[in-house]
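# Tertiary structure, described
The residues making up each chain are set out below.
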Amino acid sequence: MGILEKIAEIEREIARTQKNKATEYHLGLLKAKLAKYRQQLLEPTTKAGAKGEGFDVMKSGDARVALIGFPSVGKSTLLNTLTATHSESASYEFTTLTCIPGVIQYNGANIQLLDLPGIIEGASQGKGRGRQVIAVARTADLVIIMLDAMKGDVQRSLLEKELESVGIRLNKKRPNIYFKLKKGGGVSFNSMCPLTHCSEKLVQMILHEYKIFNCEVLFREDCTADEFIDVICGNRVYLPCLYVYNKIDQISIEEVDRIAHQPYSVVISCEMKLNLDYLLEKMWEHLALIIVYTKRRGCPPDFGDGIIMRRSCSVEHVCHSIHRQLKSQFKYALVWGTSVKYSPQRVGLQHVMCHEDVIQVMKK
């Protein structure tokens, strides 16, 4: 029996098992086995043959956004509309056969947008070169799932399932579980809050399935067995995601209103160029980018050319992006903007910057 057959067998077993207190240990064990087989599917232990051609392109710009979706939902049309790049688009499926990169210029930032080939059901198992497409999505800062507004809910659940099975977690935060392997001493289990989804016995059964007999486990929050398995595997990617529903000009206004009120959802029409400015706003917000302006002593701030940083960045990060040796010569900085109580305020390296702050660095 191959790995795919084993995965299908375990999925059938999980589907037909009732979920109650008596079966939670059995289900936890099945989920651990399923995660282990999926990991083997993604990273085969046997040496493969000739290396195939991948889709990945060199990372450039301040952030990277990947477009994922089924064929003929408007990914190439969106790339052509938002960027100066041309990606072939036609009325038949699988027009795009490789990764096409484009650059969006927004708020002074260069955002790399990747138009990936359409994926089909079963992509996580390698169908239709789906594994290469999903591998590129793991390197992105934001995933945009393009959906057809006329059949969006079905496509949405299928795509979420495909990405979930290859270790991509959408719009979720990393579980707050401390896990460390040891050379001896057995399993040390502790929790800082009452656990409703997991128990010490279930944790030990999952660890036994992974052949881990000496480790430290500390639950800092109430997590499920699935989240604990993710921590053990250690290769999960947690990405922000936007669900973009295209072709809204072909459905009723009531349906558009229903879709637009769903979480993380944006409704657009590439053909009629509807709501594209709001999509760019949401992209900027989910990428968590800010712009910081610099100022020389005795001169006005340079608002023409800002530095693009991540939200919650410190003065130290700003110094490193200006010049990597500036931190060693740093004396103090003067900051104007919303991150300080009064302008200008004298700050140190650990001060957290806000959007559109102005900074003047003083050297020793």
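Our subject is the structure listed above.
Heads up: these notes are all about the structure in this document. (Residues numbered from 1 in each chain as written. Predicted model: local features only at pLDDT ≥ 70, side-chain atom pairs only at ≥ 80, totals over all residues. Heavy atoms only, no water.)

## Overview of the packing of helix α6 (residues 200-209) against helix α7 (residues 225-233)
Selection rule: The axes used here are C-alpha line fits, helices contributing only the stretch in contact, and every angle between their N-to-C directions lies in the interval 0 to 180 degrees. Starting at the N terminus, helices and strands are each numbered in turn, a helix being any DSSP run of H or I of at least four residues and a strand any DSSP run of E of at least two. To sort the angles, those under 35 degrees are grouped as roughly parallel, those over 145 as roughly antiparallel, those from 65 to 115 as roughly perpendicular, and the leftovers as oblique. Handedness of a crossing follows from how the near helix is turned relative to the far one, being left-handed for an anticlockwise turn of less than a right angle and right-handed for a clockwise one. Two residues form a contact once any of their heavy atoms are found within 4.5 Å. In this classification, the charged set is Asp, Glu, Lys and Arg, the nonpolar set is Ala, Val, Leu, Ile, Met, Phe, Trp, Tyr, Cys and Pro, and all remaining amino acids, among them Gly, are polar.
As a packed pair, α6 and α7 sit with axes 11 Å apart at the nearest point and diverge in direction by 40°. One way to sum up the angle between α6 and α7 is to call them oblique. Where α6 crosses over α7, the handedness of that crossing is right-handed. Together, Leu202, Val203, Ile206 and Leu207 of α6 and Ala225, Phe228, Ile229 and Ile232 of α7 make up the contact between the two elements. Residues of the contact of α6 with α7, tallied by class, amount to eight nonpolar, no polar and no charged.

## Structural notes on the pattern of salt bridges
What counts is decided by this rule: The term salt bridge refers to a pairing of a side-chain nitrogen on Lys or Arg with a carboxyl oxygen on Asp or Glu at a separation within 4 Å. When accessible area is computed with a 1.4 Å probe and restricted to protein chains, residues below 20% of their type maximum are described as buried, those above 50% as exposed, and intermediate ones as partly exposed.
Applying the stated criterion to the full structure yields 16 salt bridges. With its nearest N and O atoms 3.4 Å apart, the salt bridge here joins arginine 310 to aspartate 141. Taken together, the residues span a long stretch of sequence, with arginine 310 in strand β13 (residues 307-310) and aspartate 141 in the loop between α4 (130-137) and β4 (142-148) at a distance of 169 residues. Using a relative accessible area of 33% as the deciding quantity, one classes arginine 310 as partly exposed. With a closest N to O distance of 3.7 Å, lysine 282 and glutamate 285 form a salt bridge. Placement of both lysine 282 and glutamate 285 in helix α9 (residues 276-287) is noted, with a separation of three residues, approximately one turn of the helix. Here the residues in one salt-bridge network are Glu164, Arg169, Lys172, Asp230 and Arg236, joined through shared partners.

## Some thoughts on α7
Because the α-helix completes a turn every 3.6 residues, residues three or four places apart line up on one side. Most of α7 is tucked away: seven of the nine residues are buried. Turning to α7, its buried residues are Ala225, Phe228, Ile229, Asp230, Val231, Ile232 and Cys233. At the exit of α7 stands glycine 234, carrying a positive phi of roughly 75°.

## Some points on the sheet that holds strand β12 (residues 289-294)
The following threshold applies: If DSSP finds at least two bridges between two strands, the strands pair.
Reading across the sheet, the five strands line up as β13-β12-β16-β14-β15 and stay open at both edges, with mixed pairing between neighbours. The sheet is open, and its two edges are formed by β13 and β15 (345-347), each paired on a single side. Within this sheet the neighbouring strands show an average axis-to-axis angle of 40°, counted without direction. Pairing between strand β14 (residues 330-336) and β15: three bridges, direction antiparallel. By the bridge assignment, alanine 333 is partnered in β15 with valine 347. The sheet strands contacting helix α10 (residues 315-322) are β12, β13, β14, β15 and β16 (358-363), and the helix crosses β13 at an angle near 140°.

## Section: the pairing of strand β3 (residues 109-115)
Extensive coverage of β3 is indicated by the burial of six of its seven residues. Where strand β1 (residues 63-69) lies against β3, five bridges are found, and the strand directions are parallel. Note that in β3 the partner of leucine 67 across the bridge is aspartate 115. Looking at chain direction, strand β2 (residues 100-106) and β3 are connected through seven bridges and run antiparallel. Within β3, the residue paired with glutamine 105 across the bridge is asparagine 110.

## Considerations on unusual backbone geometry
Cis geometry marks the peptide bond from serine 343 to proline 344; its omega dihedral reads -5°. Tracing the backbone shows proline 344 in the loop between β14 and β15. A positive phi angle, close to 65°, is found at asparagine 275, a residue other than glycine.

## Looking at α9
Here is the rule: Here a helix's expected span is defined as the number of its residues, less one, multiplied by 1.5 Å.
Spanning 12 residues, α9 covers 17 Å between terminal C-alpha atoms, matching the ideal 16 Å at 1.5 Å per step. Listing the buried residues of α9 in full gives Leu276, Leu279, Leu280, Lys282, Met283, Trp284, His286 and Leu287. Immediately downstream of α9, the backbone of alanine 288 shows phi near 60°, a positive value.

## Remarks on the sheet that holds β4
The sheet built from six strands is open, its strands ordered β2-β3-β1-β4-β10-β11 with mixed pairing. In this open sheet, the two edge strands, each paired with only one partner strand, are β2 and β11 (265-267). Averaged over neighbouring strand pairs, the angle between their axes works out to 25° when direction is ignored. Both β4 and strand β10 (residues 241-246) contribute to a ladder of six bridges, which runs parallel.

## Quick word on the environment of serine 269
Defined as follows: Under this definition, polar contacts are N or O atom pairs within 3.5 Å; protein pairs additionally need one hydrogen-donor-capable and one acceptor-capable atom, and for neighbouring residues in sequence, both atoms have to be side-chain atoms.
Of note, serine 269 is situated in the loop between β11 and α9. Taking relative accessible area as the criterion, serine 269 reaches 1% and is therefore assigned buried. Sequence spacing of serine 269 and leucine 78 is 191 residues, and the spatial spacing of their C-alpha atoms is 8.9 Å. In contact with serine 269, not counting residues within four places along its chain, are Asn246, Lys247, Ile248, Asp249 and Leu274. In this structure the side chain of serine 269 is engaged in a polar contact, spanning 3.0 Å, whose partner is the side chain of aspartate 249.

## What to know about the packing of aromatic side chains
In plain terms, the rule: The pairing test for Phe, Tyr and Trp rings, Trp by its six-membered ring, is centres within 6.5 Å, and the orientation test on the planes gives stacked under 30 degrees, edge-to-face over 60, and tilted for anything in between.
Within this structure, the stated rule accounts for five aromatic pairs. With centroids separated by 5.9 Å and ring planes inclined at 65°, the aromatic side chains of tyrosine 106 and tryptophan 284 adopt a geometry described as edge-to-face. In this pair, tyrosine 106 sits in strand β2 while tryptophan 284 sits in helix α9, placing the two residues 178 residues apart along the sequence. Pair check on accessibility: tyrosine 106 and tryptophan 284 agree, each one buried. Pairing phenylalanine 189 with phenylalanine 219 gives two aromatic rings, centres 5.7 Å apart and planes at 55°, and the pair type is tilted. With phenylalanine 189 in strand β7 (residues 187-191) and phenylalanine 219 in strand β8 (residues 215-219), the pair connects residues that are 30 residues apart, well separated along the chain. Each member of the pair phenylalanine 189 and phenylalanine 219 is classed as buried.

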